[in-house]
Amino acid sequence: MSQPLTFALAKGRLLEETLPLLAELGIEPSESLTGSRKLMFETNRPDVRLLVLRATDVPPYVERGGAHLGIAGKDTLLEYGSDMLCEPVDLQLSKCRLMTATKKGEELPATGRIRVATKYVNVARQYFASQGRQIDPIKLYGAMELAPIVGLADVIVDVVDTGNTLKANGLEAKDLIAHSSARLVVSRVAMKTRHQHIAPMIERLNEWVKTQNAT
Ligand code: AMP
């Protein structure tokens, strides 16, 4: 038998939302994905196994063949920026917006490099380049909101849902860079080599998204 189909999932807020979607594909993890330190899980289907990874690690695992397919946010995919990955299904989950935000009432410096605190350095660089501005990126892994307040950065680039976190920290959202939602992501290679396995999953998930959004 060939290697089981390996499905990479992102830990965190997306994982809970992913479970009904796996059930739709007839995939049930053999144990709880959240209550364990394990990274790889068997399922009720001997031909399918699951990896539970950091969200930012899903694209490289899928691109390099560590997994055949996965689920990742568009924000993460934009930052990773690979042309070896296909996104055959927009799952319409975990919707948010990639935005710039500054200290309330403040404008960006009129000239010179803009200091941008973000974990989305590539997205930020491309966005500000499209505005004719160069940036001095400050790569952070959390608590971005603090950076403009303590004078570390002029602006942040982060995902925003309700905007409450920005507000609670004295910031205001400025420009919309992109909308984000979770995507099924498949490597171009697996799309060919595992077509028989993956094509019915894509069809099923497209139907699932349609019915979810029809109600
Ligand atoms: P908010 O609802 O705007 O207050 O968002 C709260 C925090 O959760 C922000 O700091 C974001 O970084 C994060 N966040 C919001 N939506 C998402 C999402 N869909 N995926 C990942 N992180 C998110």
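Preceding this section is the structure that the text describes.
So, how was this worked out
- Residues numbered from 1 in each chain as written.
- Predicted model: local features only at pLDDT ≥ 70, side-chain atom pairs only at ≥ 80, totals over all residues.
- Heavy atoms only, no water.
- Pairing = 2+ DSSP bridges.
- Helix = DSSP H or I, 4+ residues; strand = E, 2+ residues; numbered from the N terminus.
- Axes fitted to C-alpha atoms, helices over the stretch in contact; angles between N-to-C directions.
- Contact = heavy atoms within 4.5 Å.
- Patch = residues over 30% accessible without salt bridge, like charges linked within 9 Å, V, L, I, M, F, W, Y side chains within 5 Å.
- Areas by Shrake-Rupley, 256 points an atom, 1.4 Å probe, with all protein chains shown as cover.
- Salt bridge = Lys/Arg side-chain N within 4 Å of Asp/Glu carboxyl O.
- Buried < 20%, exposed > 50% of the residue type's maximum accessible area, 1.4 Å probe, protein only.
- Near = heavy atom within 4 Å.
- Polar contact = N/O pair within 3.5 Å; in protein donor to acceptor, adjacent residues only side chain to side chain.
- Nonpolar A, V, L, I, M, F, W, Y, C, P; charged D, E, K, R; others polar.

Draft legend 1. Region of interest: the sheet that holds strand β8 (residues 135-139). As summarised here, the arrangement of the 5 strands in space is β8-β7-β9-β6-β10, forming an open sheet in which the pairing is mixed. Strand pairing shows two members of the sheet lacking a second neighbour, β8 and β10 (171-180), which therefore form its edges. Along the sheet, successive strands turn relative to each other by an average axial angle of 30 degrees, direction set aside. Of the pairings in the sheet, the one linking strand β7 (residues 114-118) to strand β9 (residues 155-160) comprises 3 bridges and is parallel in character. Counterpart to Thr-118 in the pairing with β9 is Val-157. Sitting on the sheet, helix α4 (residues 121-130) is in contact with β6 (96-103), β7, β8, β9 and β10, with an inclination near 165 degrees to β8.

Draft legend 2. Quick peek at the sheet that holds strand β3 (residues 48-53). The strand order across the open sheet built from 6 strands is β2-β3-β1-β4-β11-β5, with neighbouring strands paired in mixed fashion. Two strands in the sheet have a free side with no partner beyond their single neighbour: β2 (40-42) and β5 (85-90). Adjacent strand axes in the sheet meet at a mean angle of 30 degrees when their direction is disregarded. Sheet topology places strand β1 (residues 5-10) next to strand β4 (residues 69-73); 2 bridges connect them, and they run parallel. For Phe-7, the partnering residue across the bridge sits in β4 and is Leu-69. Across the sheet, helix α1 (residues 13-24) lies against β1, β3, β4 and β11 (182-187), angled at about 145 degrees from β1, the strand it touches most. The strands touched by helix α8 (residues 195-214) are β1, β4, β5 and β11; relative to β5, the strand with the most contacts, the crossing angle is about 35 degrees.

Draft legend 3. A look at a nonpolar patch on the surface. Residues Leu-146, Ile-149, Val-150 and Leu-152 make up a contiguous nonpolar surface patch of roughly 350 Å² in combined accessible area. When you line up the elements, Val-150 lands in the loop between α5 (146-149) and β9. Using a relative accessible area of 59% as the deciding quantity, one classes Val-150 as exposed.

Draft legend 4. Quick peek at the site of the ligand. Taken together, the residues surrounding the ligand are Arg-13, Ser-94, Cys-96, Glu-145, Asp-158, Val-159, Val-160, Asp-161, Thr-162, Gly-163, Asn-164 and Thr-165. Note that a nitrogen atom of the ligand is positioned 3.1 Å from one of the backbone N or O atoms of Ser-94. The backbone of Gly-163 places a nitrogen or oxygen atom 2.8 Å from an oxygen atom of the ligand. In the complex, the protein chains occlude 75% of the 490 Å² of accessible area that the ligand would expose alone. Of all the secondary structure elements, the ones that give two or more residues to the shell around the ligand are β9 and α6 (164-168). Here the shell around the ligand gets 3 residues from one element, more than from any other, and that element is β9. Classifying every residue of the shell around the ligand by side-chain character gives 3 nonpolar, 5 polar and 4 charged.

Draft legend 5. Region of the structure containing unusual backbone geometry. Here the phi dihedral of Gln-92 falls at roughly 60 degrees; this positive angle occurs in a residue that is not glycine. With respect to the helices and strands, Gln-92 occurs in the loop between β5 and β6. Residue Gln-92 is classed as partly exposed on the basis of its relative accessible area, which comes to 30%. Despite not being glycine, Ser-94 has its phi angle at roughly 50 degrees, a positive value. Here Ser-94 shows up in the loop between β5 and β6. Given the relative accessible area of 23%, Ser-94 is considered partly exposed.

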